Amino acid sequence: MAAADELAFHEFEEATNLLAQTPNEATTRGDQLVPQQHVAVAMDSGGSYGAGNEVEESDKTALLQEEKQQPGFWTFSYYQSFFDVDTSQVLDRIKGSLLPRPGHNFVRHHLRNRPDLYGPFWICATLAFVLAVTGNLTLVLAQRRDPSIHYSPQFHKVTVAGTAIYCYAWLVPLALWGFLQWRKGVRERMGPYTFLETVCVYGYSLFVFIPTVVLWLIPVPWLQWLSGALALALSATGLVFTLWPVVREDTRLAAVLLLSVVVLLHALLATGCKFYFFQPLPLEPAAPPHQATSQPPTVLLSPPPPRSAAA
Amino acid sequence: MRSRIREFDSSTLNESVQNTIMRDLKAVGKKFMHVLYPRKSNTLLRDWDLWGPLILCVTLALMLQRGSVDSEKDGGPQFAEVFVIVWFGAVTITLNSKLLGGNISFFQSLCVLGYCILPLTVAMLVCRLVLLAEPGPINFMVRLFVVIVMFAWSIVASTAFLADSQPPNRKALAVYPVFLFYFVISWMILTFTPQ
């Protein structure tokens, strides 16, 4: 709408904080909106409107501006509304997920209730391909050190990586959203997040694993575990800070249980990926297992058959 | 699968088969030249066709597939996997750029992405020839260099055609998936090992 374009939203730190705490209340900006509409209506209609009608008119216009146009889900423009982001916004959201701060809720501050699907989709795609590529590279580097390891470009890992990452990034938010909806009755102050906002949070929180996976190329075990733990801490902290305001009003037990399950699932994903993609064991059944480390406790991914060395 | 200015519509039915085939081959060849020497022109967009992408994709998939039927888990991609990656990758990128608000049509975008695989197909041919020599670090370095140069060429060619169709503050968002797509194809080419 032309009026909304003229009244561009300016960023103020206090206003952002206020909005984050009470998203449903109007700030002073909204109040400034009303008198301008007020004047426009009065000028257009001449003298035929009474005072009461003018107030009604401005209320209605203010209400209409808050309503969003919802095209049907079978139209293209419905899906286009989820990709309505600029480069700078995407970069800002990625930065927000990398540096979680206690007061700043990712959904309120960075998403501003306008979730996008671009970030989650392409971050998951990048992570899946980077996992497959670096896993392959690890095998190449391991073969250089020890020529007895049989190298082959294992293309099936791309499929496995893609399936695992996408399932995690879409099914876990679905379960979380369902759980929060179920417990909705207990909360007074803050409503639960929509499904897309949950998907967005999870998608952007996976970004920190991309540089970590590249760092895992360096074959120094303590460095790998350190960087993995750091990435997991950053990612899980972001998730916890985002979920805490919603879950805080629930019973203590439910809140703690939910948050620990979220962190646990994230940790399982990280360790599963580390063990499945970065284990440099030989693939020929005849050769004895080289550097037998601990058995991969993968829950999400099953190890290929030749690696059942514990039997 | 083509769009053309239909001037002599009725007479193409009576022409010899050789004429028909040569006309299409010439159109495809002309577009190959446009890709190899990318400059701002509308030819690829205006007269799009999907023959070129099909030829390139089939050639690439045939060269990349693993030779013998050894174990399922080892080895490079199968023919179908390469085919699926190329076509579904191109469709996904096209959908992405349309959802971001680009004003390019679906098939035009598929056409551009498909034709810009040409440098990578040339890289695959060169790699296969280089692999006939003896293996070693020099072999790998040559292949790496060729693949990197061709990868950069693909990206430059496709952005020359696609960049103008996006709104200015979303260009990077539309170009990044193209980068990822050609990176994955380059990776498959680089890690190819003959059986």
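Each residue is numbered by its place in its chain's sequence as written, counting from 1. Labels are handed out in written order, letters beginning with A for the chains and numbers beginning with 1 for the ligands. For a predicted model such as this one, the threshold for reporting local features is a pLDDT of at least 70, and the threshold for listing and counting side-chain atom pairs is 80 or more; totals across whole chains, interfaces and linings nevertheless cover every residue. As a rule here, side-chain values cover all heavy atoms of the structure and leave hydrogens and water aside.

## Some points on the overall build of chain B
Next, step 1: Each helix corresponds to a stretch of at least 4 residues labelled H or I by DSSP, and each strand to a stretch of at least 2 residues labelled E; elements are numbered beginning at the N terminus. The number of helices and strands found in chain B is 8 helices and 0 strands.
Next, step 2: Reading the secondary structure of chain B in the N-to-C direction produces α-α-α-α-α-α-α-α.
Next, step 3: Per-residue accessibility, obtained with a 1.4 Å probe over protein chains only, is compared with the maximum for each type, and a residue is labelled buried under 20%, exposed over 50%, and partly exposed between these values. A burial count over chain B gives 47% of its 195 residues as buried.
Next, step 4: Taking all contacts inside chain B whose residues are at least 6 apart in sequence as the whole, residues at least 24 apart take part in 73%.
Next, step 5: Summed over its atoms, the accessible surface of chain B is roughly 10,000 Å², and 70% of this surface lies on carbon and sulfur atoms. Two residues form a contact once any of their heavy atoms are found within 4.5 Å. Note on areas: Shrake-Rupley with a 1.4 Å probe; residue coverage comes only from the protein chains shown.

## Topic: the packing of aromatic side chains
Next, step 1: Only Phe, Tyr and Trp rings are paired, with Trp represented by its six-membered ring, and only when their centres lie within 6.5 Å; those with planes under 30 degrees apart are stacked, over 60 edge-to-face, the remainder tilted. With the rule as written, the count across this model stands at 20 aromatic pairs over all chains.
Next, step 2: By the ring-pair criterion, three or more aromatic residues cluster together here, those being Phe151, Tyr176, Phe179 and Phe183 of chain B.
Next, step 3: Over a ring means this: the NZ of a Lys or the CZ of an Arg is within 6 Å of the ring centre and within 35 degrees of the ring normal. Over the ring of Tyr276 of chain A we find Lys157 of chain A; its NZ or CZ atom is 5.4 Å from the centre of that ring.
Next, step 4: Residue placement shows Lys274 of chain A over the ring face of Trp225 of chain A; its charged tip is 5.2 Å from the ring centre.

## Points about the UniProt feature "transmembrane region" (unreviewed entry) in chain B
Next, step 1: UniProt positions are given in the numbering used here, feature names are shortened, and annotations may be inferred rather than shown by experiment. Within the UniProt annotation, "transmembrane region" (unreviewed entry) is assigned to residues 48-67, 79-100, 112-132, 138-161 and 173-192 of chain B.
Next, step 2: Counting secondary structure, residues 112-132 of chain B comes out at 86% helix and 0% strand; the distance between its end C-alpha atoms is 32 Å.

## Describing the interface of chain A and chain B
Next, step 1: Taken residue by residue, the interface counts 28 residues in chain A and 27 residues in chain B.
Next, step 2: Interface area for chain A against chain B, summed over the two sides, is near 2,600 Å², with a carbon-plus-sulfur share of 66%.
Next, step 3: If you sort the residues of chain A by the area they bury against chain B, Tyr118, Trp122 and Phe155 of chain A come out on top, with a joint share of 25%.
Next, step 4: The salt bridge definition used is simple: a Lys or Arg side-chain nitrogen within 4 Å of an Asp or Glu carboxyl oxygen. Here Asp84 of chain A and Arg170 of chain B are joined by a salt bridge, their closest N and O atoms 2.8 Å apart.
Next, step 5: Residues adjacent in sequence count toward polar contacts only when both atoms are side-chain atoms; beyond that, a polar contact is any pair of N or O atoms within 3.5 Å, and within protein one must be able to donate a hydrogen and the other to accept it. Taken together, the connections running from chain A to chain B amount to 9 residue pairs in polar contact (both at pLDDT 80 or more).
Next, step 6: When residues of the side of chain A that touches chain B are traced back to their parent elements, those giving at least two are helix H5 (76-80), helix H6 (87-98) and helix H8 (118-145) of chain A.
Next, step 7: With 9 residues, the single largest contributor to the side of chain A that touches chain B is H8 of chain A.
Next, step 8: Residue polarity follows a fixed list, in which Ala, Val, Leu, Ile, Met, Phe, Trp, Tyr, Cys and Pro are nonpolar, Asp, Glu, Lys and Arg are charged, and the others, Gly among them, are polar. Of the residues assigned to the side of chain A that touches chain B, the class counts are 18 nonpolar, 8 polar and 2 charged. Buried area: the sum, over both parts, of the accessible surface (1.4 Å probe) that disappears when the two are put together.

## Here's the deal with H8 of chain A
Next, step 1: Helix span, expected: 1.5 Å multiplied by one less than the number of residues in the helix. An ideal rise of 1.5 Å per residue puts 40 Å on 28 residues; H8 of chain A measures up with 40 Å between its terminal C-alpha atoms.
Next, step 2: Buried residues dominate H8 of chain A, accounting for 21 of its 28 residues.

## A closer look at helix H10 (residues 195-205) of chain A
Next, step 1: The buried count for H10 of chain A comes to 10 of 11 residues, which makes it a mostly enclosed element.
Next, step 2: Of all the positions in H10 of chain A, only Leu196, Glu197, Thr198, Val199, Cys200, Val201, Tyr202, Gly203, Tyr204 and Ser205 of chain A are classed as buried.

## Remarks on the nonpolar core
Next, step 1: Nonpolar core, defined: a set of buried Ala, Val, Leu, Ile, Met, Phe, Trp, Tyr and Cys residues in which side-chain atoms within 4.5 Å join the residues together. By size, the foremost hydrophobic cluster in this structure holds 59 residues, and its most contacted members are Tyr118, Leu131, Leu206 and Phe209 of chain A.
Next, step 2: When sequence neighbours within four positions are dropped, the list of residues in contact with Leu206 of chain A reads Ile123, Cys124, Leu127, Ile165, Tyr168, Ala169, His266 and Leu269 of chain A.
Next, step 3: Val35, Cys116, Ile155 and Phe161 of chain B belong to the second largest nonpolar core, which has 50 residues in total.

## Thoughts on the side chain of Lys274 of chain A
Next, step 1: Mapped onto the secondary structure, Lys274 of chain A falls in helix H13 (residues 252-277).
Next, step 2: Apart from the residues lying within four places of it in its own chain, the contact partners of Lys274 of chain A are Trp216, Gln224, Trp225 and Gln279 of chain A.

## Here's the deal with the confidence of the model for chain B
All names here are of chain B.
Next, step 1: A residue's pLDDT is the predictor's confidence in that residue, given on a scale from 0 to 100. For chain B, per-residue confidence averages 84 on the pLDDT scale, and residues scoring 70 or more make up 88% of the total.
Next, step 2: Within chain B, the lowest mean pLDDT, 73, falls on helix H2 (residues 43-46), and the highest, 92, falls on helix H6 (residues 118-131).
Next, step 3: Both scores are given for the predicted complex: the pTM is 0.75, the ipTM 0.84.

## A closer look at a nonpolar patch on the surface
All names here are of chain B.
Next, step 1: Only residues whose relative accessible area exceeds 30% and that take part in no salt bridge are eligible for patches, with like-charged residues grouped when within 9 Å of each other and nonpolar side chains (Val, Leu, Ile, Met, Phe, Trp, Tyr) grouped when within 5 Å. A grouping of Val17, Ile21, Met22 and Leu25 is seen on the molecular surface, where their side chains present a nonpolar patch of about 370 Å² in accessible area.
Next, step 2: By secondary structure assignment, the location of Ile21 is in helix H1 (residues 17-36).
Next, step 3: For Ile21, a relative accessible area of 46% gives the class partly exposed.

## Regarding the UniProt feature "transmembrane region" (unreviewed entry) in chain A
Residues and elements named next belong to chain A.
Next, step 1: The sites that carry the UniProt feature "transmembrane region" (unreviewed entry) are, in the present numbering, residues 117-140, 160-180, 201-219, 225-246 and 253-277.
Next, step 2: Spanning residues 160-180, this segment combines 100% helix with 0% strand, and its end C-alpha atoms are found 30 Å apart.
Next, step 3: Spanning residues 201-219, this segment combines 63% helix with 0% strand, and its end C-alpha atoms are found 31 Å apart.

## What to know about the pattern of salt bridges
All names here are of chain A.
Next, step 1: Counted by the stated rule, this structure contains 6 salt bridges over all chains.
Next, step 2: Here Arg114 and Asp84 are joined by a salt bridge, their closest N and O atoms 3.2 Å apart. Of this pair, Arg114 sits in the loop between helix H7 (106-111) and H8 while Asp84 sits in the loop between H5 and H6, placing them 30 residues apart in sequence.
Next, step 3: On the basis of relative accessible area, Asp84 is assigned to the partly exposed category, the value being 38%.

## Here's the deal with the packing of H6 of chain B against helix H7 (residues 137-162) of chain B
Residue and element names in this part refer to chain B.
Next, step 1: All axes are obtained by fitting lines to C-alpha atoms, using only the stretch in contact for helices, and the reported angles, taken between N-to-C directions, cover 0 to 180 degrees. For the pair H6 and H7, interaxial distance at closest approach is 8 Å and the crossing angle is 170°. With respect to their mutual orientation, H6 and H7 come out roughly antiparallel. Here H6 contributes Pro119, Leu120, Val122, Ala123, Val126, Cys127, Val130 and Leu131 to the contact with H7, which in turn contributes Asn139, Val142, Arg143, Val146, Val147, Met150, Phe151, Trp153 and Ser154.
Next, step 2: When its residues are assigned to classes, the contact of H6 with H7 shows 14 nonpolar, 2 polar and 1 charged. Just so you know how the angles are binned, under 35 degrees is roughly parallel, over 145 roughly antiparallel, 65 to 115 roughly perpendicular, and the rest oblique.

## Section: the environment of Phe278 of chain A
Residues and elements named next belong to chain A.
Next, step 1: Note on placement: Phe278 falls in the segment after H13.
Next, step 2: Overall, the relative accessible area of 7% leaves Phe278 in the buried class.
Next, step 3: Here Phe278 is in contact with Leu131, Thr134, Gly135, Thr138, Val213, Trp216 and Cys273, once residues within four sequence places are set aside.

## Thoughts on the confidence of the model for chain A
All names here are of chain A.
Next, step 1: Of all residues in chain A, 65% attain a pLDDT of 70 or more, and the chain-wide mean is 72.
Next, step 2: Helix H3 (residues 28-45) is the least confidently modelled element of chain A, averaging 42 in pLDDT, while helix H11 (residues 209-215) averages 91, the highest of any element.
Next, step 3: In the model, residues 25-52 has pLDDT below 50 throughout and makes 16 contacts with residues more than four positions away in sequence or in other chains.
Next, step 4: Here residues 281-311 scores under 50 on pLDDT; set against residues more than four positions off or in separate chains, the count is 44 contacts.

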